[in-house]
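Chain by chain, the residues:
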Amino acid sequence: MERNIYLQTVTLEEALQCFEDKTTASFRKTIEEIPVEGSFGRITAEPIYAKYSNPNFNASAMDGIAVVSKTTRMADERNPVRLTKDTEFVFVDTGDVICEPYDSVIMIEDVRIIDETHVEIITPSHPWQHVRMIGEDFVVGEMLLTRNHKITAVDLGALVSGGIEKLKVYAPLRVGLIPTGTEIVEIGTKLKSGDILESNTRMFAGLVLESGGMPIRYPIVSDDKELLRQALQKAVKENDFVVINAGSSAGSEDYTASLIKELGEVWIHGIDIKPGKPAILGAIEGKPVVGIPGYPVSAYMTFKHFVIPMIEGIKPPQKWMEATLSQAVPSSLKHKEFVRVQLGNVDGKVIATPLKRGAASTMSLVKANGILTIEKESEGFISGSKVMVEQTRKHLELEKALVSIGSHDLIMDWVADLLLGEKKEAYLLSAHVGSLGGILAIKRGEAHVAPIHLLDENTGEYNVKEVLRYLSGEEMILIKGMKRWQGFYMRKEDTMIDSIRDLVQKNLSFVNRQKGSGTRLLTDYFLKKDLVNKDQIKGYETEVLTHTAVAQAVLSGNADVGVGIESVARQMGLSYKAVAKEDYDFLIPKRFMEMTIIKDFIDTIQSEAFKQRLVEAGGYEIEPLQYVSIGGNSCKITLEGR
């Protein structure tokens, strides 16, 4: 009998790289629309946008009393303010609707109950204190998931909260499982000497289901080459991927390698691992075929390394890792706390960026790829602490994460989606902390790129002054070319204002961006220009973190006016008055410029698909990219284009 010969064994790393290179063409070609409740574990075929805001009403974040904030301004310990039930306050529980005229909640612990209809307070409240405003978690039109995203249990919660009833996903890969061997018998057979119950393909079927595929198990095929040929041809025809169990070794009745070679091609036969050496990797009619050894441990290890990643389109990393915190995470000492974080590798260091910590923040679960545990009776961690983090998105390779920390814009969502849609090496992790926060993240070595738009009101120039101020002596590249309009948001039924002074003259309420954001600096510039004191602006202290949150506050009536970008106004159906065109630049340390993930990012923002997104959204202009080199106390334009 003819025996197979291992022409050459390769390392596991070489085998994995070969298999990945040979199978980069996606097998996920069939798209189907399914109900959201049946989408767990499926892969999205297109980006998914929220149909509703979450929450879709103003909700109390505490047990206490709802009040009209302006009636509490004079409250202090020496001058308690007495309020009357149903006219000046109502009792509320966590999650209750906050209706007009009430716009604030005082915790029940801070309320002194006088009698059945009266209470006293000794501290003032401000607008929207302890209130979850409409759209606090996410707003109408916000991207919930990118394409090529494997839907998790927490994703389901976000999708349903966003009003998604159906979505388009890729059809699951059909995996043909062929058990072989004359000595193999089915369960239920009365065993005789030499019989072995066939268990491996049952294990494989479970692993396929666990990974999101569709297992198709075929009857046992005896060690007859012609019968094996027929079974293999049938399985290749009916599936996306075929696994043959046993028959991969060098015995006289091991036909797998020769059959794959006759019908297609063998890429590798023999991997330098123990157990699992006889594994075969190849293809027939363009479909991957894997020959797996018969010993159960060898079978499991080979399946784990080569088949599961193909089904999931993912590579599982280690579960726990050490990371450096990019921001402080204080804790109350009272509870064991789980903080959602985004993990990325920056300059060889794993960085953990904490996400929103509110218990109602579904999107913090969706965006997280790690969980940080803070033990009870701990005060938490300071910025820069080394912590152990549980990695929750096992398929994400941290070395391929492009960590962006800085100013918010829908642009970053589009870049994230296009990177995955174009199957670039990089994927984007984006945290919105404002432009100044982005510069400081770059300074601490916690991000690859920082989107920024900081106006120098004396020169009208954007970003250079602040980069020189905080990063003096470091070599940086500022990529310029992206322009966007900022202006006023108002509801369509209201009369649009002409300037920030109209806020005072018309007694309109305002919603602001957080300190350190470029939009906050632009707002303060408007105030200075129009000689308006911030104390004259009703709602100046009301801060939110994104342009979409500003728009939602205006749309829902929580504020009359906000400042933000035009694309969000269009998306949210608001009236808009453009007042300033600004530079939205990308700050990158010069040492990162040759990294593949940075090149992927630059290619994406220069792509026709990205430019088309800008045109469709409105409010953007893109010019040929300029690369401003900043080092020491000077800067110069060094390149145009790429």
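Summary of the structure given here. Source: prediction; values computed, not measured.

**Considering the packing of aromatic side chains**
Aromatic ring pairs are described here by two measures, namely the spacing of the ring centres and the angle between the planes.
Part 1 of the reasoning: Under the criterion given, the structure shown has eleven aromatic pairs.
Part 2 of the reasoning: By the ring-pair criterion, three or more aromatic residues cluster together here, those being Phe19, Phe241, Trp267 and Phe306.

**Re the pattern of salt bridges**
Part 1 of the reasoning: Counted under the stated rule, the structure contains 32 salt bridges.
Part 2 of the reasoning: For arginine 82, the salt bridge identified is with glutamate 120, shortest N-O distance 3.2 Å. Here arginine 82, found in strand E5 (residues 81–84), pairs with glutamate 120, found in strand E9 (residues 118–121); they are 38 residues apart in sequence, far enough to count as distant.
Part 3 of the reasoning: Its salt-bridge partner being glutamate 543, residue arginine 520 comes within 3.0 Å of it at the nearest N-O pair. Taken together, the positions of arginine 520 in helix H12 (residues 518–529) and glutamate 543 in strand E33 (residues 543–544) put the pair 23 residues apart, joining distant regions of the chain.
Part 4 of the reasoning: Accessibility expressed as a relative area gives 38% for glutamate 543, which makes it partly exposed.

**Some details on the nonpolar core**
Part 1 of the reasoning: If you look at the biggest cluster of nonpolar residues, it comprises 77 residues, and the most contacted ones within it are Ile411, Tyr489, Phe586, Leu587 and Phe601.
Part 2 of the reasoning: For this core, the leading source of residues is helix H8 (residues 410–421), giving eight residues.
Part 3 of the reasoning: In terms of nonpolar packing, the next biggest core, distinct from the first, is built from 30 residues, Leu12, Leu177, Ile271 and Leu281 among them.

**Considering the packing of H8 against helix H15 (residues 596–605)**
Part 1 of the reasoning: The geometry of H8 relative to H15 is characterised by a closest axis approach of 10 Å and an angle of 110 degrees between their N-to-C directions. By the criterion of interaxial angle, the relationship of H8 to H15 is roughly perpendicular. Contacts between H8 and H15 involve Met412, Val415, Leu418 and Leu419 from the former and Asp600, Phe601, Thr604 and Ile605 from the latter.
Part 2 of the reasoning: In terms of residue class, the contact of H8 with H15 is made up of six nonpolar, one polar and one charged.

**Some words on a nonpolar patch on the surface**
Part 1 of the reasoning: The grouping of Phe91, Ile108 and Ile113 at the surface amounts to a nonpolar patch, some 260 Å² of accessible area in total.
Part 2 of the reasoning: Counting through the fold element by element, phenylalanine 91 comes out in strand E6 (residues 89–92).

Calculation notes
Residues numbered from 1 in each chain as written. Predicted model: local features only at pLDDT ≥ 70, side-chain atom pairs only at ≥ 80, totals over all residues. Heavy atoms only, no water. Phe/Tyr/Trp six-rings, centres within 6.5 Å; stacked < 30°, edge-to-face > 60°. Salt bridge = Lys/Arg side-chain N within 4 Å of Asp/Glu carboxyl O. Helix = DSSP H or I, 4+ residues; strand = E, 2+ residues; numbered from the N terminus. Buried < 20%, exposed > 50% of the residue type's maximum accessible area, 1.4 Å probe, protein only. Core = buried A, V, L, I, M, F, W, Y, C linked by side-chain atoms within 4.5 Å. Axes fitted to C-alpha atoms, helices over the stretch in contact; angles between N-to-C directions. Parallel < 35°, antiparallel > 145°, perpendicular 65-115°, else oblique. Contact = heavy atoms within 4.5 Å. Nonpolar A, V, L, I, M, F, W, Y, C, P; charged D, E, K, R; others polar. Patch = residues over 30% accessible without salt bridge, like charges linked within 9 Å, V, L, I, M, F, W, Y side chains within 5 Å. Areas by Shrake-Rupley, 256 points an atom, 1.4 Å probe, with all protein chains shown as cover.

Spatial relationships are all this shows, so hold off on functional conclusions.
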